[in-house]
Amino acid sequence: MRVLFIADIFASAGRRAVEKRLPGLREELDLDLVVANAENAADGVGVTSRIAGRLLAAGVDAITLGNHAFRQREVYPYLDQEPRIIRPANLSAAAPGRGMTTVQTKDGTPVAVLNLMGQLFLDTPRSPFEVATDLAAEARNQAAVVLVDFHAEATSEKVAMGWHLDGRVTACVGTHTHVPTADGRVLPGGTAFITDVGMTGARGGVIGADREHALRRFMTATPVKLETATEDPWLMGVLVEADEAGRATGIQQLLEPAQ
């Protein structure tokens, strides 16, 4: 099985990159499934039902989120109604949405997708490690292939989660920092891991924001309203390959211009 995970889609530049490149990539890479993080798809903060619908129509099979999951109030009913979009499972159980979903590949094979959020430097009510243990076991009862999006700030927490889930899931990929790391590998237990997949959006900015605004904020230490960047859009992701038992056999970074 060949699964493409697309890194954090940031604003209009990221959305256009997916809509432009994904249809061709599905054929070029012979993809069975596509999962994308849309945490920043709505002008850099959250996602709307309209934007999520466009991403699904472009060929994304499942959408994950993160710490901005609830920034757009309009999306709350959609999170409850649309099973192909999930938010971090260790947020409040009373909040809209779900933390796990099962989607099917083009030949009908089920794949479980989980979403978790880190606790270090983020406001997360429940330990992702405790939730991951139970959720991974539940997911394995539904599908052999299990993909986890761990949306977290600290590299140490993400690496720890990779080791925690090694042998329990097919892949554990990190999101949130928007900067791709160079440590993609298959761990000894058969879990594909990378600390951060990166960002699908304008590489000409500062992790998605217009660079002039970001520089002004850093140089003056004053509040500056950040606008989204548009220059030099890239599509970033990882291609995970797995066998029938759900063990990862490879992980390969995809980093390419989307102009």
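Coordinates for the structure precede this section.
Residues numbered from 1 in each chain as written. Predicted model: local features only at pLDDT ≥ 70, side-chain atom pairs only at ≥ 80, totals over all residues. Heavy atoms only, no water.

Trainee: Tell me about the layout of surface pockets, and please be specific about residues and values.
Mentor: Over the atoms rolls a probe the size of a water molecule, and its path tells where empty space is left. By volume, the largest pocket is sized at about 440 Å³. In this structure, the largest pocket is lined by 22 residues; those nearest its centre are Phe10, Val206, Ile207, Ala209 and Leu226. At three residues, helix H6 (residues 211-220) tops the list of elements feeding residues into the lining of the largest pocket. Broken down by class, the residue content of the lining of the largest pocket amounts to eight nonpolar, ten polar and four charged. (1 Å grid on protein atoms, 1.4 Å probe; cavity = no way out; pocket = protein on both sides within 12 Å on 5 of 7 lines; lining within 4 Å. Points joined across faces, edges and corners; volume = space filled by probe spheres on them. Helix = DSSP H or I, 4+ residues; strand = E, 2+ residues; numbered from the N terminus. Nonpolar A, V, L, I, M, F, W, Y, C, P; charged D, E, K, R; others polar.)

Trainee: Please set out empty space enclosed by the protein residue by residue, giving values where relevant.
Mentor: Going through the model one piece at a time under the given rule, you end up with one cavity of 30 Å³ or more. What lines the largest cavity is simply Met1, Val3, Val111, Val145, Leu147, Thr170, Ala171, Val240 and Ala242. Secondary structure elements with two or more residues in the lining of the largest cavity: strand E7 (145-151) and strand E12 (233-242).

Trainee: Let's hear about the side chain of Asp149: which residues, and what values?
Mentor: Note on placement: Asp149 falls in strand E7. In this structure, Asp149 is buried with no salt-bridge partner, the nearest side chain bearing the opposite charge being Lys158 at 7.8 Å. A distance of 2.8 Å separates polar atoms of two side chains, one belonging to Asp149 and the other to Asn37. A polar contact of 2.7 Å, which involves the side chain of Asp149, links it to the side chain of Thr175. (Buried < 20%, exposed > 50% of the residue type's maximum accessible area, 1.4 Å probe, protein only. Lys, Arg positive; Asp, Glu negative; His and termini not counted. Salt bridge = Lys/Arg side-chain N within 4 Å of Asp/Glu carboxyl O. Polar contact = N/O pair within 3.5 Å; in protein donor to acceptor, adjacent residues only side chain to side chain.)

Don't take any of this as a statement about function, it's just geometry.
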